[in-house]
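Single-letter residue listing:
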Amino acid sequence: RMSREQKAVECARKAFLTGRSKPLEHRIRQLKNLQRFLLEREKEIAEAIKKDLNKSEAGTQLYETLGLEGEIVLAVKKLAEWVAPRPVEKNLLTISDTVYIQPEPLGVVLIIGAWNYPWAVTIQPLIGAIAAGNAAVVKPSEVCVHTAKVMEDLLPAYIDKELYPVVTGGVSETQELLRQRFDHVFYTGNSMVGKLVMEAAAKHLTPITLELGGKSPCYIDKNCDIPIACRRVTWGKYSNCGQTCIAPDYILCEPSIQDRVLEEIKKSIKAFYTEDPKTCPDYGRIINQRHFKRIMAMTEDSTIAIGGDSDESTCYIAPTVLKDVQVNSKVMQEEIFGPLLPILTVSGVDEAINFINKGEKPLALYIFSPDDKVIKKVIAETSSGGVLANDCLVHYSVSALPFGGVGNSGMGSYHGKFSFDNLSHLRGCLIKQLKMEGVNDMRYPPHTAKKLFWARFFILKNPDLGWLGRMTLLAIIAVVAAVVLQVRGKEETFLISTVRKRLQWRCILFEVEL
Ligand SMILES: NC(=O)c1ccc[n+]([C@@H]2O[C@H](COP(=O)([O-])OP(=O)(O)OC[C@H]3O[C@@H](n4cnc5c(N)ncnc54)[C@H](O)[C@@H]3O)[C@@H](O)[C@H]2O)c1
Ligand SMILES: CC(C)=CCC/C(C)=C/CC/C(C)=C/C=O
């Protein structure tokens, strides 16, 4: 008997093989249907996520669906351009050929979503999969029970349910899905499961995208506008109660500014979430008690400077700041993914860079400084999935930037055209005519030193000569071909020296280095 997961994959594969996911009109229609779903079902989406994560309606739009709408509008507008053949630069050998990249669908994509932004991280890859002409099996996180149910119940009424089935379930269902053969697996979640996904995909040599997390550092330079920096960091840290993949995980700053940083963060917390964040509709909750316990345990060996209140029964943890935190403290051992903000003091930017480089490569890196040199220095001397100076999170909203990790924070990237390219096969195409066979003599045996000389010239030269230059080179190739054809069978030395002289003249004329 086939499992539910096997059936869904087989159904998506069969639908893909009909070819109906490929035409541009189909892709655009499906994307517009998805857009209609987001608009018409705004209420159900917001209600479910309120139950799952205590997100407000405005918060759901701002952090989840707005970005999806933007990505759909962009894909609909640009899709004709993205799917079109992309001509590439040629060498002399291929100057008269048609050489281009043709993006083509990969096949059936598995999308495994995470719970913290359940719409953003599940539907955004789906937009890419549809745009690229694929079928996709969508597996929302079981942790967001209500959201997964809305996705399962309502999405099939809007988009092709055979091409894009939604499969719900937890670990065992996801494992069963991972046993199936896919053409790409797009996983968002923690690094430990990321490794399991990679292992499962390796069995079928399936390419993967891993959108993981990690500890994203935030360096605050002593010369920056501290009130503004702290307001932005407070927003980045406590949005969704710190359960954001790119939340600033910890602050690095000089000891001389630590108290001012604390003071300004305290003011911002009050301004955003009132004196009592527990009653504030814009302040979230920890997803479940397991995570609640995990986060609370991290505070044990550090000094709480702000916040610290909690309520296990409602999974509430107040916006909390820890000061003078030590490198070996519990909170510095893993991604926090909760509303704790440790401050570690460093002697300056060099120590901050050394500290960052000792850890795993983070998903995001934040630098607050008025000095462009400091910003550029940090960028040059570190590595991370993305980097943002003087703000938090907003790089996620720029569709023209690739979003993704590096090293332990993931592999592959998406958003905008990067989603399309990531979920396409970029097929290299070269179309030659069955003419000008003489030009090919230089690569056919018997190989000689002179043939090699010409092969080097034709293969290594990248003709960047403009329209006139290209026309001349075409003429040269035609001459070579004609001469070769005419004198084929005659003395090779005669041929080579004649053509070489002609070429030398033309090359001198067009300043091409011979
Ligand atoms: N880079 C990004 O874009 C991004 C976005 C969101 C979250 N994240 C990261 O995700 C993490 C939080 O998500 P999570 O992992 O708690 O989410 P999660 O528990 O929802 O798990 C993610 C998915 O993995 C599946 N899963 C869980 N255990 C599995 C197993 N043993 N085998 C197969 N599948 C399994 C789940 O069913 C779910 O669909 C954080 O580290 C965060 O930084 C990254
Ligand atoms: C509202 C603006 C300008 C940006 C949104 C930033 C944000 C919180 C995006 C969520 C990113 C995301 C899906 C993270 C995953 O954990």
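Rules of the game
- Residues numbered from 1 in each chain as written.
- Chains lettered and ligands numbered in written order.
- Predicted model: local features only at pLDDT ≥ 70, side-chain atom pairs only at ≥ 80, totals over all residues.
- UniProt positions renumbered as here; feature names shortened; annotations may be inferred.
- Near = placed C-beta within 6 Å.
- Helix = DSSP H or I, 4+ residues; strand = E, 2+ residues; numbered from the N terminus.
- Nonpolar A, V, L, I, M, F, W, Y, C, P; charged D, E, K, R; others polar.
- Buried ≥ 20, exposed ≤ 12 C-beta atoms within 10 Å, placed from the backbone.
- Pairing = 2+ DSSP bridges.
- Right-handed = clockwise from strand over helix to strand, strands pointing away.
- Axes fitted to C-alpha atoms, helices over the stretch in contact; angles between N-to-C directions.
- Parallel < 35°, antiparallel > 145°, perpendicular 65-115°, else oblique.
- Contact = placed C-beta atoms within 7 Å.
- pLDDT = per-residue confidence, 0-100.

Looking at an unreviewed UniProt entry, the chain carries the name Aldehyde dehydrogenase, with the source organism given as Oncorhynchus kisutch. The Subunit (unreviewed entry) comment attached to the chain in UniProt states, word for word, "Homodimer." Heading Sequence similarities (unreviewed entry) of the UniProt record for the chain holds this comment: "Belongs to the aldehyde dehydrogenase family."

Novice: Any chance you could explain the site of ligand 2 here in plain terms?
Specialist: Neighbouring ligand 2 are 14 residues, the closest being Tyr117, Ala120, Cys245, Leu393 and Ser397. Of all the secondary structure elements, the ones that give two or more residues to the shell around ligand 2 are α4 (57-83) and α5 (120-131). Tallied by class, the residues present in the shell around ligand 2 amount to 10 nonpolar, 4 polar and no charged.

Novice: What is the right way to look at the pairing of strand β14 (residues 364-368) in this model?
Specialist: Consecutive side chains of a regular strand alternate in pointing toward one face of the sheet and then the other. With 5 of 5 residues buried, β14 is to be regarded as a mostly interior element. Examined bridge by bridge, β14 and strand β15 (residues 386-389) share 4 bridges and lie parallel to one another. Counterpart to Ala364 in the pairing with β15 is Gly386. With respect to chirality, the unit in which β14 leads through helix α13 (residues 372-381) into the neighbouring parallel β15 is right-handed.

Novice: Got a minute to help me understand the site of ligand 1 in this structure?
Specialist: In the vicinity of ligand 1, 28 residues are found, and the nearest of them are Ser141, Gly189, Asn190, Gly213 and Cys245. Of all the secondary structure elements, the ones that give two or more residues to the shell around ligand 1 are α7 (171-179) and α8 (191-202). Ranked by residue count, the leading element in the shell around ligand 1 is α7, at 3 residues. Grouping the amino acids of the shell around ligand 1 by side-chain chemistry returns 12 nonpolar, 12 polar and 4 charged.

Novice: Whenever I open this one, the packing of helix α3 (residues 42-53) against helix α6 (residues 145-154) confuses me. Can you help?
Specialist: Pairs of packed helices are described in terms of their axes, by the angle between the two and the distance that separates them. The interhelical angle for the contact between α3 and α6, taken along N-to-C directions, is 155°, at an axis separation of 7 Å. Accordingly, the angle class assigned to the pair α3 and α6 is roughly antiparallel. Taking contact as the criterion, the partners of Glu44, Ile45, Ala48, Ile49, Lys51 and Asp52 in α3 are, on α6, Val145, His146, Thr147, Val150 and Leu154. For the contact of α3 with α6, the class distribution of residues is 6 nonpolar, 2 polar and 3 charged.

Novice: Which parts of the structure should I look at to understand the confidence of the model for the chain?
Specialist: Reading predicted coordinates in detail is not appropriate for stretches of low pLDDT. With 91% of its residues at a pLDDT of at least 70, the chain reaches an overall mean of 93. Ignoring residues within four places in sequence, the model shows residues 491-496, a span with pLDDT below 50, making 6 contacts including any to other chains.

Novice: How should the UniProt feature "active site" (unreviewed entry) in the chain be read in this particular structure?
Specialist: Following the UniProt record, one finds the feature "active site" (unreviewed entry) at Glu211 and Cys245. Judged by maximum C-alpha separation, these annotated positions cover 35 residues in sequence but sit close together in space, the widest gap being only 9.1 Å. Looking at the element boundaries, Glu211 is found in strand β6 (residues 208-211). Glu211 gets classed as buried once you count the C-beta atoms within 10 Å, which come to 27. Along the chain, the position of Cys245 falls in the loop between α9 (226-238) and β8 (248-253). Those residues in contact with Cys245 that sit more than four places away from it in its chain are Asn116, Gly213 and Leu363.

Novice: Just checking my understanding: could you explain the sheet that holds strand β17 (residues 424-431) for this structure?
Specialist: Across a sheet, paired strands are connected by hydrogen bonds in the backbone, their directions being either parallel or antiparallel. An order of β1-β2-β17 is seen for the 3 strands of this open sheet, with the pairing classed as antiparallel. Two strands bound the open sheet, and with one partner strand each, they are β1 (86-87) and β17.

Novice: Just checking my understanding: could you explain the environment of Thr206 for this structure?
Specialist: Within the element layout of this structure, Thr206 appears in the loop between α8 and β6. Since 22 C-beta atoms lie within 10 Å of it, Thr206 is described here as buried. Spatially, the C-alpha atoms of Thr206 and Arg181 are 7.7 Å apart, while their sequence positions differ by 25 residues. The contacts of Thr206, once residues within four sequence positions are left out, are Phe182, Asp183, His184, Val185 and Ala201.

Novice: Can you help me understand the pairing of strand β4 (residues 135-139) in this one?
Specialist: Among the 5 residues of β4, 5 are classified as buried, and the element is accordingly described as predominantly covered. Pairing geometry for strand β3 (residues 108-112) and β4, over 5 bridges, is parallel. Bridge pairing links Val109 to Ala136 in β4. Between β3 and its parallel partner β4, the chain crosses via α5, and the hand of that crossover is right-handed.

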